[in-house]
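Geometric and topological summary
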Amino acid sequence: MLFTDPIFLFKFLPLVLLGFCVTSLAGTRAHRLAFLVAVSLVFYSWFKAEYLILLVGSLIFNFVLATKILKAPQSKKSKLLLVFGIAANLSLLGVYKYLGFFVLNLNEIFEVGLPDPALLLPLAISFFTFQQISYLCDSHAGKIERKDHTCLEYTIFVTFFPQLIAGPIVHHSEMMPQFKTAIPMPQRSKMFAEGLLLFSAGLFKKLVIADALAPHADLVFAAADDGQILDFWTAWSGALAYTFQIYFDFSGYSDMAIGLGLLFGIRLPWNFNSPYKSTNISEFWRRWHMTLSRWLRDYLYIPLGGNRKGTARQYANNFTTMVLGGLWHGAHWNFVIWGALHGVFLIINQLFRFLAGRVGLLDFAERASGFRLFAWAVTLLATIIAWVFFRAGTTHGAFNMVYSMFMMAEGISIDVPSTTLAVLCGAALVSFLLPNTKQISAAFNTMKFKISLLHPVVFGCFSGAAAGFAYLAALRVTQSPFLYFNF
Amino acid sequence: MPVHKTESPFQSGWGISLLSSFGVAILITLVLVLYAYFEVVSSKIGHLHHPSSYKWLLLEEVDGPRLIIESGSNSHHGLDAELISNALDITAINISDNAGYDIEQKVARLAMHANAGDIVVLPLEWSYYSRDHLTDDFVDSLPEENQSYFTSVAGIDRIRLALSLPPANVFGFKRSAPPQREALSKIQQMYIAALMQPFGHSAYDAPRPLAAGVEGQTCDEYLFGASSLKVSKKFRRALGALKRLRKSGVEIVFAWPVVVGDDCYSDRARLMQFAEAVEATVNDAGFKFLGSLQQSVYPSHLRDDTPYHLISAGAEIHTRHFIRILESHGIRPAGKKRDVSKQLTMRLYEMELLPPPKEDLNPFPTNEYVDTSTSQSLDFIDFRAGWWGLESFGRWMRSNEAVFSIRLPADIGKGSVLSLEGAFLEGGAYRTQVFSEGVKVVDGTLGDSQNLLIPMPQTKQDSVVEFVLRFPDRPEAQSPFAQGASADYRTLSFHLHRLVLDEQENVYVRTEGASQELAVHGLSTSEFVVEDANIPTLSKSSPLKNSSTCGQSTLCVASPRNNEESAVSPSTVSGLSVPTKRAIKQDEVISFGAASSVEVLDIGRGWWGRETAGRWMKCCESALRFALPPSIPENAILQISGDVFGGKETEILITINGRTKLKTQFSSVKPIVIPLSNIDTSIPTELVFSFPEYSFQSPKELGLSLDPRVLSVFVKNMRLTSA
């Protein structure tokens, strides 16, 4: 059940909202949370009921472990429990996500002929595992009060259905207090309206833009994976189509998730902030998949030493973090290369800043508009090249694409349909110039004009139009699933 | 917490009323967007002057009482309605189309067009009983062959259909469709269907490759899919509508679908449970099934491309079997078998006349030939009714009556006439009447070497004037297929080549020009066809200066495949049709100017029309085909004689059967010689003439006459002889 499925939009969501209203009006806070847990588990089991056992097992295991850690945080025992917990969580992730990849490489290198475990990746395992690891870490670090650690709140923190499948990766410190807070009616109404606004915008981004670009990107990358060399324009059209597809797909999904959260009075963290406006790769990672960047920073980069142990170690930490971040997306060498590329880009950026600072040009580099434009173009180019590895189905396919993009080789040509071209231009315009949903949401929250009917009507019309066009786009015969469902 | 950081001073103003305003704004905008889309869809595909497919035409126009077979493609291929009509002497029509189409829409169309006395047989595919949604197949076809499904519904049903249609289909349809000028119109396609498969059934003689999605599935998987089987709400609603239809006097019976394959119905437990549920549902609604499930199962060797499709041999077996079932149940509508083809072809002609004449025609040019084989001709002529599509060399009339209109120029001169040139399928000339606004304006002769002059009304400057062209004495038009000449099913009568609008006096100038042109070649006027040397009067035919008969046979015509859209599609690479001619005899002289030449020669691309003394090649490349006798001497040669335009000799390149090439000089002095040693006489010999150093011009360009045709070599005779 995707957020864009009619069964979700016209049956599941209205019923859940109705049930939520009833439990909010008639029941207690616990009833409301219990109801949300129940519907979240139903939502998860819709994809594959068998994996519900895995999710619930993981929940119970981590909750019990956190309870034990919280008895004596920061102690040796709690550290042992934490190590055990992290190892167990990573083992679970490793078995389902990386065992096949490991076996494949082992067979390839040593020709040992191990059987492929052929395990199906349980949906959302990367997301709920990371959330729970962070919870265990913070329990050990004493950042969680024992009195705040309750079964119901822990369960809804992990399973809340708007963010369960593909994030945003939430932190307990931003979720748990919300479960306790009673929101007054005017505030609740406003959150509800904002939720509808964001959900409609997300629908539009996914169905009107991302899904319109997907067929061309698929076609071009399939040709490259098939061993074809493409002509210059075809390769670039495919790379650009995917660059915008993944942004509008994932940010659209995140907007929908945040919007859904608001419908239930929960504000999820922002996940995107116009990443393609970035003028360096560090900034890109502060704007792209922000909750993953935050998690990697707090639970990997900083524990590795961050920038506290010298420049060389900082570069190594950056590189390691990005490679592991790449591997988090999937068990494939292309993700490793993608992460490594971003690691290298980060190092280059930091090296450049270091050298520019030494010669006194850093200020100029940060302020001169001409140089900023150049930096923006270089950053975007680096991002696009990295996306090629992220998207290609095979490593040689990715190299075929890169070769085709830069070597001006004679290769096969695939026409870009005029509608794809139009959507591509529109997507670029939206990405580079227009305000993002975070800014629209801010405008919604901080009115610049006197309160009147005009305010909700303007945003209502915006939402209605977005939903209307999304509905029409959804009539397309083929729809692509959310890309981040694979991770 | 972000929740608390974004508080605004107006926060408290947000209550239910403002949320309501927000919600209402969303709803109104949403409705407006969808309504605008509905209007766009309606304006694009909501209007039709004729049914959108032949199946709809059958249902709407064939007079009852009828036996109507309605289902998906299992019956389209499996039940031969013509055979049923013949066997029972009833009118049976097969309107089965595609199992992906919607059952409720199908019943709705029956409710609209079936009448008391009609009997509807429903051998529905299994998916009809279990499916609850509109399929992509159905939705995608709404802008085209199923447009009638859309135009025939109103209100909420129409909105529902419009809002099921992807924008790409609505907008992409117009963009991706071939330009109307190059394709057969929908009416022309239906006309072909009325000639080829008048009762609506068609089947292939030999199996086609398996269709997409069939390979890799067992028969049962294809028929039933993997999901659980239960009778759908949609089918139950359709049954309700059928019950209402029955009350209006229409008899309705069900039948099991044809399935083909040795492994069909192997999962008996699953099938029988579902079949029983279906039968019980149908019986509960008061309807019955004809025959048993097993009676519609056929072995794999009769399968076409899917387990629902029979090849023609299987269709005949199934149809005969079905006839016995109908007889045993006493199911037969009243009335006799009708000539469906004749009724529908006439009706299609009438339908072409339903939309108003095109008003956006350009004024017809004066003193210039308008060649009907060019798409530009459509800027000046509206071929309203009774014509086939645009094709090389000219445009065919379908029968002995057709309508066209032109816009007269604002400065039309006094005594202007419109001259028509062309040829009949069988050659010769026929009495021709032309009517305009119900008044007969010409009663003359048109055909081989005779054009027809139509007087133009002086009071209609810059107005569109319509003309009805009629051949009262000509026998009913036949197709080349019926004549055994080619695979072309189209009925053909007159082939209109070109028209010219000019003042009457100028017609003589042209004739004089022709004389000058003849002089260039050292010919006398008597060598050209001048059957009536007198100045033509409005009621008489005039001499046709340059008769350009494009193939007396079917060289220039389309080869329609079944009832598919058919543009010009020559049956061979060179553009020549399969010959049905006799072989050339040894030492026989074939005169290209003689009408009898068509008994031997297939005139391909690149020729002008036959004239008394020979036939002109066009400028660049001309193809010719003929059959040689089975055995010819080793030193056999072909001599071809003629003249070069302008009297000079020219280099000519001759390609023989696509391989051997011969370069020689063509001159008026001596014939060219083509050696035929080692030639394969078992296949038709094909010659392609081309001119490497082409620099030919038209007589008009040379100032010799107003003849705009670019002329190269005038071929007079050909002779098979020995060196």
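Residues numbered from 1 in each chain as written. Chains lettered and ligands numbered in written order. Predicted model: local features only at pLDDT ≥ 70, side-chain atom pairs only at ≥ 80, totals over all residues. Heavy atoms only, no water.

1. Examining the overall build of chain A
The secondary structure content of chain A amounts to 20 helices and 0 strands. In chain A, which comprises 487 residues, the proportion classed as buried is 55%. Within chain A, counting contacts between residues at least 6 apart in sequence, those at least 24 apart form 77% of the total. Carbon and sulfur atoms make up 70% of the accessible area of chain A, which amounts to about 20,600 Å² in all. (Helix = DSSP H or I, 4+ residues; strand = E, 2+ residues; numbered from the N terminus. Buried < 20%, exposed > 50% of the residue type's maximum accessible area, 1.4 Å probe, protein only. Contact = heavy atoms within 4.5 Å. Areas by Shrake-Rupley, 256 points an atom, 1.4 Å probe, with all protein chains shown as cover.)

2. Looking at the overall build of chain B
From N to C terminus, chain B includes 19 helices and 29 strands. Here chain B holds 723 residues, and the buried ones make up 55% of them. Total accessible area computed for chain B in this model is approximately 29,300 Å², and 52% of it derives from carbon and sulfur atoms.

3. Considerations on the sheet that holds strand β28 (residues 685-690) of chain B
Strand order in this open sheet of 5 strands is β20-β23-β28-β25-β26 (chain B), and the pairing throughout is antiparallel. Each end of this open sheet is capped by a strand with a single partner; those strands are β20 (602-603) and β26 (660-666) of chain B. (Pairing = 2+ DSSP bridges.)

4. Overview of the nonpolar core
Of all hydrophobic cores here, the largest spans 128 residues; its most connected members are A:F8, A:F264 and A:W288. The greatest single-element share of this core, amounting to 17 residues, is contributed by helix α10 (residues 232-263) of chain A. Not counting residues up to four positions away in its chain, the partners in contact with A:F264 are A:L13, A:V16, A:L17, A:F20, A:L36, A:F160 and A:F161. Grouped together as the second largest cluster of nonpolar side chains are 105 residues, B:I68, B:F138, B:A194 and B:Y308 included. (Core = buried A, V, L, I, M, F, W, Y, C linked by side-chain atoms within 4.5 Å.)

5. So, helix α5 (residues 125-140) of chain A
All names here are of chain A. With 16 residues, α5 extends 22 Å from end C-alpha to end C-alpha; this agrees with the ideal 22 Å at 1.5 Å per step. α5 sits mainly inside the fold: 16 of its 16 residues count as buried. Taken from the residues just after α5, G142 is the one with a positive phi, measuring 80 degrees. (Expected span 1.5 Å × (residues − 1).)

6. Describing unusual backbone geometry
Residue and element names in this part refer to chain B. In this structure, E437 is a non-glycine residue whose phi angle is positive, near 50 degrees. Here E437 falls in the exposed class, since its relative accessible area comes to 62%. With a phi angle near 65 degrees, D587 is a residue other than glycine that sits in the positive phi range. Within the secondary structure, D587 sits in the loop between β18 (541-543) and β19 (589-591).

7. Some details on the packing of helix α16 (residues 369-391) of chain A against helix α17 (residues 395-406) of chain A
All names here are of chain A. Here α16 crosses α17 at 145 degrees, and the two axes come no closer than 8 Å. When α16 is examined against α17, the residues L381, I384, I385, V388 and F389 are found in contact with a partner set consisting of A398, F399, M401, V402, M405 and F406. Here the contact of α16 with α17 is built from residues that sort into 11 nonpolar, no polar and no charged. (Axes fitted to C-alpha atoms, helices over the stretch in contact; angles between N-to-C directions. Nonpolar A, V, L, I, M, F, W, Y, C, P; charged D, E, K, R; others polar.)

8. Let's talk about the sheet that holds strand β2 (residues 92-94) of chain B
All names here are of chain B. Taken together, the 5 strands give an open sheet; going across it, the order is β2-β1-β3-β4-β6, and neighbouring strands pair in parallel fashion. Two strands lie at the open edges of the sheet, namely β2 and β6 (289-290), each paired on one side alone. Strand direction decides the pairing type here: strand β3 (residues 119-122) and strand β4 (residues 251-255), joined by 4 bridges, are parallel. Considered in β4, the bridge of I119 is made with E251.

9. Some details on helix α10 (residues 155-162) of chain B
Within α10(B) the residues assigned to the buried category are B:R158, B:L161 and B:A162. Buried residues of α10(B), viewed axially, fall in a sector of 100 degrees; they line one side. (Arc of directions from axis to C-beta.)

10. A closer look at the packing of aromatic side chains
Tallying each qualifying case throughout the model produces 84 aromatic pairs over all chains. Relative to A:W285, the ring of A:F284 has its centre 5.6 Å away and its plane inclined at 90 degrees; by these criteria the two rings are edge-to-face. Comparing A:F284 with A:W285, the two get one shared label, buried. Geometry around B:W56 places B:R109 over its ring, the cationic atom sitting 5.0 Å from the centre. (Phe/Tyr/Trp six-rings, centres within 6.5 Å; stacked < 30°, edge-to-face > 60°. Lys NZ or Arg CZ within 6 Å of the ring centre and 35° of its normal.)

11. Some details on the confidence of the model for chain B
Residues and elements named next belong to chain B. Across chain B, the average pLDDT comes to 80, with 85% of residues at or above 70. Taken as a whole, residues 508-579 scores under 50 in pLDDT and shows 193 contacts with residues more than four places along the chain or in a different chain. Overall fold confidence (pTM) sits at 0.65, and the ipTM for the predicted complex is 0.76. (pLDDT = per-residue confidence, 0-100.)

12. Brief notes about the pattern of salt bridges
Under the definition given, this model contains 45 salt bridges over all chains. Between B:E104 and B:R237 there is a salt bridge, and its shortest N-O distance comes to 3.0 Å. In this pair, B:E104 is assigned in helix α6 (residues 103-113) and B:R237 in helix α14 (residues 233-247), connecting sequence segments 133 residues apart. On the accessibility criterion, B:E104 (21% relative accessible area) is partly exposed. Through salt bridges with shared partners, one network takes in A:R29, A:K147, A:D148, A:E153 and A:K180. (Salt bridge = Lys/Arg side-chain N within 4 Å of Asp/Glu carboxyl O.)

13. A look at the pairing of β26(B)
All names here are of chain B. In terms of strand pairing, strand β25 (residues 650-656) meets β26 through 7 bridges, oriented antiparallel. Considered in β26, the bridge of L653 is made with K663. Here β25 folds back onto β26, and the loop between the two strands holds 3 residues, one of which, N657, carries a positive phi near 50 degrees.

14. Comments concerning the pairing of β3(B)
Residue and element names in this part refer to chain B. Neither face of β3 is exposed, since I119 and V121 on one face and V120 and L122 on the opposite face are all buried. The pairing of strand β1 (residues 67-69) with β3 spans 3 bridges and is parallel. Directly across from I69, in β3, lies its bridge partner V121.

15. Comments concerning the packing of helix α12 (residues 186-196) of chain B against helix α17 (residues 340-352) of chain B
Residues and elements named next belong to chain B. The N-to-C vectors of α12 and α17 enclose an angle of 170 degrees; their axes lie 9 Å apart at closest approach. As far as their axial angle goes, α17 and α12 are roughly antiparallel. Contact with α12, carried on its side by I187, M190, Y191, A194 and L195, involves S341, L344, T345, L348, M351 and E352 of α17 and no other residues of that element. Split by residue class, the contact of α12 with α17 holds 8 nonpolar, 2 polar and 1 charged. (Parallel < 35°, antiparallel > 145°, perpendicular 65-115°, else oblique.)

16. Topic: the environment of A:A124
Residues and elements named next belong to chain A. Checked against the element boundaries, A124 lands in the loop between α4 (76-110) and α5. Residue classification places A124 among the buried positions, given a relative accessible area of 2%. The residues contacting A124, other than those within four sequence positions of it, are Y44, L164 and I165.

17. Observations concerning the side chain of A:H172
Residues and elements named next belong to chain A. Its location among the elements puts H172 in helix α8 (residues 172-180). Here H172 falls in the buried class, since its relative accessible area comes to 6%. Once residues lying within four places of it in the same chain are set aside, the contact partners of H172 are Y135, D138, K143, I144, F157 and P177.

18. Section: the environment of B:F424
The topology assignment puts B:F424 in strand β12 (residues 416-424). Counting along the chain gives 70 residues from B:F424 to B:F494, while the straight-line C-alpha distance between them is 4.3 Å.

19. Concerning the side chain of B:N94
Residue and element names in this part refer to chain B. Examined against the element boundaries, N94 turns out to sit in strand β2. Its relative accessible area of 0% is what places N94 among the buried residues. For N94, the side chain forms a polar contact with the main-chain oxygen of S75, separated by 2.8 Å. In this structure the side chain of N94 is engaged in a polar contact, spanning 2.9 Å, whose partner is the backbone oxygen of L79. The contact partners of N94, leaving out residues within four places of it in the chain, are K55, L58, I69, S75, H76, L79, A81, F199, G200 and H201. (Polar contact = N/O pair within 3.5 Å; in protein donor to acceptor, adjacent residues only side chain to side chain.)

20. Topic: the environment of B:D132
All names here are of chain B. Note on placement: D132 falls in the loop between α7 (126-130) and α8 (136-141). D132 sits in the partly exposed class, given a relative accessible area of 41%. The sequence separation of D132 and K234 amounts to 102 residues, and the corresponding C-alpha distance is 5.3 Å. Apart from the residues within four sequence positions on either side, D132 is in contact with S232, K233 and K234. Within the structure, D132 has its side chain in polar contact with the backbone nitrogen of K233 (distance 3.5 Å). Within the structure, the side chain of D132 is placed 3.0 Å from the backbone nitrogen of K234, a separation counted as a polar contact.

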